[in-house]
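Each chain is listed here by its residues.
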Amino acid sequence: DASGDFSKNNTCKLTFLVTDWRPSYYLFLYFLLFYSSDKDIIYICPFNAAVKGKVFITNYRLYFKNTDSTPVTLDVPLGVISRVEKMGGASSRGENSYGLEITCKDMRNLRFALKQEGHSRRDIFEIIFKYAFPLSHGMQLFAFLSQEKYEENGWNVYEAMEEYRRQVLPNSEWRVTFINKNYELCDTYPTILVVPYKATDEDLRRVAAFRSRCRIPVLSWFHKENHAVIMRCSQPLVGMSGKRNKDDERYLDLIREANGTTKLTIYDARPNVNAVANKATGGGYEGDDAYQNAELVFLDIHNIHVMRESLKKLKDIVYPNVEESHWLSSLESTHWLEHIKLVLSGAIQVADKVSSGSSVVVHCSDGWDRTAQLTSLAMLMLDSYYRTLRGFQVLLEKEWISFGHKFASRIGHGDKNHADQDRSPIFLQFIDCVWQMTKQFPTAFEFNERLLVVILDHLYSCRFGTFLYNCESARESNNVRGKTVSLWSFVNSDTSLYINPFFTPESSRVLYPVASMRHLELWVTYYIRWNPRILHQQQSPVEQRYKELLALRDQYLKKLEELQLSDSTHLTNSSTPNAATPNQHITHLQTPF
Amino acid sequence: MLSLGSGGAKSTKPSFVSYVTPEEIKSEKDPPKQEKHPDLLPGEVEFCSANPILKYTQDDLSQRGVFGTLFCTNFRVTFISDEKPQEKTDKTFKNKLYGENDIPLMCVDHIYGVYDEKRKLITGGLVKNKYPSKMIIHCKDLRVFQFSLTFSKEEDAKKIFQGIAHHCLEEKSLKCVFAFSYMGTPSPEMQWKQETVMFDSPEDWTQEMKRTKANCRLVTENENFELSQRLPKYFVIPLTIGDLFSYQGKGLPIWCWSHYSGCALFKASFPPVTQEDGDFQKHLDTMINAVAHNHLYSVKTEDLSESLPNIQDIQQSYNKFKQFFLIENSTDFWLSDVKWFSSLESSGWLDIIRQCLQKAVEVVECLEKDNTNVLITEEEGTDLCCVISSLAQIMLDPYYRTLMGFQSLVQKEWVAGCHAFLDRCNHLHQKDKEYHSPVFLLFLECVWQLVHQHSPAFQFSETYLTVLSDSVHVPVFSTFLFNSSHHRESVMKAESPLAQSGPLSCPTVWDWSVQFDSKAQNFFFNPLYLEKVKHDRAVRKPHKPKHQRNLSLPSTAFKTPPKKGFFKDETDSLKKMLRVKRLSRWRGSPDAPAATTREFFESWQHRPLDYHGLLLPCLDGPAVHIWMQRYLRWIPEVYILGGGSVAVMTKLMELLSQVQDLKRVLEQRDSSQAAKLDHRPYFQHRLLSFDSSGRLSSSFPFAYTCYRSFKPIIPTGLMQSLMVTDSLASQEDEASSVVSFV
């Protein structure tokens, strides 16, 4: 299912492209063909040995089609490429030792073998290198070139004011402030912020001075019944000397007071030692003396570098071959699931605290990685709206995109610097946590696994503007809304693909997943999806059966309806009580749905 | 007598919080003094009891519990709470023989005593002197009970402790097993008997041969066990075997199943070891020759004792494995959570499951792809031979994936096939550990993997398998009580005159109505099962023969095993004997044994999946799972309230019953026309509708514990293993100071 959505829409066009590639067609398709191999290239498929075929490269993708009998096609958006290397030199001996190695961001590597004659390798390498990393070559990302049109406009999915109104905000305790409308208070925050009613804009400015990158505590979520809130921010600038800031202390107390919480809980996502170490660089955490009405809890989640290494280890044991002899201990040694467990249990603690009526403040160092994970997961647990297809999009737009998770730095869109230390799979880890929750609560989410995979595919593809840039202000100055298409335009144009048939709305329910290794499992259908040996059922048997039954039920209902219609036409002899029974049945049957 | 002090003195210094303080108990207990007694089964006798005993709730470390009376009978250890029974008696899935606070004596695995804060395994010696302050019982169905003995009178406490220890741990004779005292009335509807083939009559075997179109010979000479006491009463052998008595009951190739191509699967114990090597070799040759003659003179042999773990390995591995699920408190749970995966791996249990499935796939490949006969051998021929042959049959024959087919298979291969259940399950607490091994459980584990991977192919559910694995330790059924057919017959014959006049009323486990009412039995059926529309139900639908069966082929058609190294190449003598030159079909094929089965699996995987055809398991690391329902059902920490696969199944069931209601209404209306809309036989009466009003937990239908509060369970000891030692952990998130080079 290599970017399955894509093949669905464009496979037919692409085969067209392969057979007949006169320039006019590319323009029509909004893609430009830059390269097509006239000679066969060998794709060294790790699962089927070497496959001969042709390679086509457009400004969006690399496409490979077999010319020999093994049916293999590759359809790789250039955006997923993190690194291109030449392998083998002029002196290389041995079959297929001379060619290209492409490392991808989506858990696979591709190897092509080329003939040494001519300059075929140089040509293909240069083209890939240029168009996979357009930003490094002074060019635009593909999202700005694509002219796709959809009925839906995904940019309208999230309107901050609308979402706050849904949460019954503003109200007597919380106000909306436009202090950041020109990103003057904090350049990585959105323009609209919700803050304690009693805090003046002047207060906010003074607090900003004491918070890393001016990311002051602002409201993420409001509990309609008990009025407890989730606030997010960055670390306080305590530093080695243990600086205090009266305004910050008072501000946190205002948060506590808003619903009469006796003790505000501050969740510092980091391990204790890291928080301490941060003092050396001017950061730190809220000390007991300074914040007397608050308790501080460390959630022990590691930093972006640890997560990056963990995923790297995971890739090593699943690609190309699944580690066989010691699968479980290998899996354990990657610590990937253990990190998932920590993130989830952190979010459980946040959600539990809030649902018991206490307000919480969540931060890590800068408040855009672990903080986003924790607040959005806690919100997913607390608020069933975010478990709908639309609500989940709003959650991502709000907690991740508008509050400045640094997608550009973490993913490295269009950037050749594959070893950049800023890259980290924080968002992937979050989506994995969501997946774990959908596994544990298969009826609680309106969307299905496919949506999660599509989101991750387009996190890298650069086809849509949704995940581009680090923050709102950068998006605004580059006119992302005006010049690119939103991923949600694409998704919402055919929602049927992403609907979980088992979804049962339960509005007031808090979902607490079990954050135990007993229940956490590797997301095989994402991480090992390239391996044909792992059973990939297109649809789970339960889902398939359920859909069959739904169709059967509709068929029966229709038949009954028809019968009733014919009954009513023969109304004269319908004095039998029988006629009433099916009627009752229908009403009875329809109620649960 | 004992310096530990009387119960009264003890009760003043409890170090725990309980629902009811001991003082309250005293005052409350005296006036009503109404004795509670368990509802005894027919034939059940009470041995001893003690009150008050505190049964700890498993929830957490707070050491809370419920007071009540602990009894020991000839059937079970049972605890009856002093509190009024809670209003949760409408449990849909209730075992009629034993409840949540009952432990059948046979089900007790280990008893631990806590003496002065120290936990000791109770063995014979410890029983005599002191009794512990706390008794912990680990059950074979993985429940854990903890009782405090400090509140009742010293004599009572001592008596109950010694009684339980005696009846659960001491070696006893078979006649003491409750089954011989049980006098339950046989179920009126003998439905199970009509459908489950017991393989205790020549007709059953003839029928089975007919069903699979086998061309073999039914042996009735062992009717009175004159050939051997280790052989089944009736069995089937290749046609060419002559004098049966020369075998001394050993090394006879016993027919298991025939493939539609004509080749068949046989199993055998090792031939008798005699003084001369030549005899052994000759015997082996005859054996292999006889099997080869069954079809196209081709045979592959496999000595399972060489390629699979032996029964002691299996026992050891399972002993390690089960420890991870016998959780006594939350702290233990979270501590073991940290190294969960590597712990599992270190037990090797999943790997043994994988090896067995792998071996079965190899057998299947020989039968299905190469159409050669297969002979599997093993010392006794009744342990791993049963596992592998049953698994191969389930993969090949959809009949065995139905509930009745499966039960018949267990009868054929295991019960009639003389698996030594009594020794392997150690029902009599024999000290000699050499013979104990959970071989049958291993088989069920493997079946569960298949069910888990290919659910729509099986008529039975995982709940059925879980219940079956529990039933092995319920001392009421004759099914798992004997070592062989001969053993069964001799015991039953000897017993029947004693027990009044009629025959011993010892039900078979397949009479599920003994344990569950029909509503509960609905849980045994898999709602996903896709029944095949068949005309004749009993007979397997004849496959289209892909390979032309050509019986007139001369010996040049002898097939060589395509694999090297794995299926043991036939002994040289066989080659000599058949005087056929070996051909190697796989030039330069890797010697790695798994390589060709891998190919076999992949080619199967590329074909569209037919749930009524050949079924193969995926055996890659991530594909082999833990039987969560069986192992995690009693651990409150892992209950997902309103979640798990139960949530989806409930939805499916609801929809299914709606569709059936609709269908019925339509049929009623159309009855005059007798138009049937859908011929697919939904199991009409088996349909269950869960009570969806209450939110079910993921451990449904086994979770007896009252529904937990909405408080989440927050893991403890999180950082234990996550000692990220490298410099990454201490690095700044923003690498602004780090200059990165391309």
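Quantities reported herein were computed from a predicted structural model and do not represent experimental measurements.

Trainee: Describe the sheet that holds strand E14 (residues 294-298) of chain A, listing the residues and the values that go with them.
Mentor: Residues and elements named next belong to chain A. Reading across from one edge, E11-E12-E15-E13-E14 is the order of the five strands in this open sheet, with mixed pairing throughout. Where the open sheet ends on each side, the last strands, each with one partner, are strand E11 (218-222) and E14. If you compare each strand with its neighbour and ignore which way they point, the axes differ by 25 degrees on average. Contacts from helix H6 (residues 246-258) reach strand E12 (229-233), strand E13 (264-268) and strand E15 (360-363), with the element oriented near 120 degrees to E13.

Trainee: Describe the pattern of salt bridges, with residues and values.
Mentor: Residues and elements named next belong to chain A. This model, assessed by the stated rule, comprises 60 salt bridges over all chains. Residues Lys246 and Glu249 are paired through a salt bridge, measuring 3.6 Å at the closest nitrogen-oxygen approach. With Lys246 and Glu249 both in helix H6, this residue pair falls three residues apart, about one helical turn. Judged by relative accessible area, which is 59%, Lys246 ranks as exposed. Residue class for Glu249 comes out buried when judged on its relative accessible area of 11%.

Trainee: I'd like to hear about the nonpolar core, residue by residue, with values.
Mentor: As a rule of thumb, soluble globular proteins bury nonpolar side chains together. The biggest cluster of nonpolar side chains holds 287 residues, and the ones touching the most others in it are Phe392, Phe427 and Tyr527 of chain A together with Phe406 and Phe443 of chain B. Take this core: its biggest share by element is 12 residues, from helix H12 (residues 349-370) of chain B. Here Phe427 of chain A is in contact with Leu396, Trp400, His405, Phe407, Ile455, Leu456, Leu459 and Phe467 of chain A, once residues within four sequence places are set aside. Formed by 28 residues, the second largest nonpolar core is a distinct cluster that contains Leu105, Cys139, Ala165 and Leu169 of chain B.

Trainee: Residue-level account of helix H10 (residues 336-355) of chain A, with values.
Mentor: Taking 1.5 Å as the rise per residue, H10 of chain A with 20 residues should run 28 Å; its terminal C-alpha atoms sit 29 Å apart, in good agreement. Among the 20 residues that make up H10 of chain A, 18 are buried, leaving the element largely enclosed by the rest of the structure.

Trainee: Describe in detail the packing of aromatic side chains, supporting the description with residues and values.
Mentor: All names here are of chain B. Considering all chains together, one arrives at 70 aromatic pairs over all chains under this definition. Ring centres 6.1 Å apart and planes at 10 degrees place the aromatic pair Phe145 and Phe147 in the stacked group. Just as Phe145 is buried, Phe147 falls in that class too. Considering the side-chain rings of Phe460 and Tyr464, the 5.4 Å spacing of their centres and the 50 degrees angle between planes classify their relative orientation as tilted. We note that Phe460, like Tyr464, is buried. Positioned above the aromatic ring of Tyr400 is the side chain of Arg211, whose terminal nitrogen or guanidinium carbon lies 5.1 Å from the ring centre. Positioned above the aromatic ring of Trp627 is the side chain of Arg630, whose terminal nitrogen or guanidinium carbon lies 5.8 Å from the ring centre.

Trainee: Describe the packing of helix H11 (residues 370-382) of chain A against helix H14 (residues 426-440) of chain A, with residues and values.
Mentor: All names here are of chain A. Viewed as axis vectors pointing N to C, H11 and H14 meet at an angle of 20 degrees, and their least axial separation amounts to 10 Å. Regarding the angle of H11 to H14, the classification is roughly parallel. Considering how the two elements wind past one another, H11 and H14 form a crossing that is right-handed. On the side of H11, the interface is formed by Gln373, Ser376, Leu377, Leu380 and Met381, while H14 contributes Ile426, Gln429, Phe430, Cys433, Val434 and Met437. Taken together, the residues of the contact of H11 with H14 break down into eight nonpolar, three polar and no charged.

Trainee: Hey, could you go over the side chain of Asn426 of chain B for me, with residue numbers and the actual values?
Mentor: Checked against the element boundaries, Asn426 of chain B lands in the loop between helix H15 (421-425) and helix H16 (439-453). Beyond its immediate stretch of four places on either side in the chain, Asn426 of chain B contacts Lys140, Phe421 and His436 of chain B.

Trainee: Hey, could you go over the UniProt feature "domain: Tyrosine specific protein phosphatases" (unreviewed entry) in chain A for me, with residue numbers and the actual values?
Mentor: In this numbering, the UniProt entry assigns the feature "domain: Tyrosine specific protein phosphatases" (unreviewed entry) to residues 334-380 of chain A. For residues 334-380 of chain A, helix accounts for 68% and strand for 9%, while the C-alpha atoms at its two ends are 27 Å apart.

About the criteria used
- Residues numbered from 1 in each chain as written.
- Chains lettered and ligands numbered in written order.
- Predicted model: local features only at pLDDT ≥ 70, side-chain atom pairs only at ≥ 80, totals over all residues.
- Heavy atoms only, no water.
- Pairing = 2+ DSSP bridges.
- Helix = DSSP H or I, 4+ residues; strand = E, 2+ residues; numbered from the N terminus.
- Axes fitted to C-alpha atoms, helices over the stretch in contact; angles between N-to-C directions.
- Contact = heavy atoms within 4.5 Å.
- Salt bridge = Lys/Arg side-chain N within 4 Å of Asp/Glu carboxyl O.
- Buried < 20%, exposed > 50% of the residue type's maximum accessible area, 1.4 Å probe, protein only.
- Core = buried A, V, L, I, M, F, W, Y, C linked by side-chain atoms within 4.5 Å.
- Expected span 1.5 Å × (residues − 1).
- Phe/Tyr/Trp six-rings, centres within 6.5 Å; stacked < 30°, edge-to-face > 60°.
- Lys NZ or Arg CZ within 6 Å of the ring centre and 35° of its normal.
- Parallel < 35°, antiparallel > 145°, perpendicular 65-115°, else oblique.
- Left-handed = near helix turned anticlockwise from the far one by under 90°.
- Nonpolar A, V, L, I, M, F, W, Y, C, P; charged D, E, K, R; others polar.
- UniProt positions renumbered as here; feature names shortened; annotations may be inferred.

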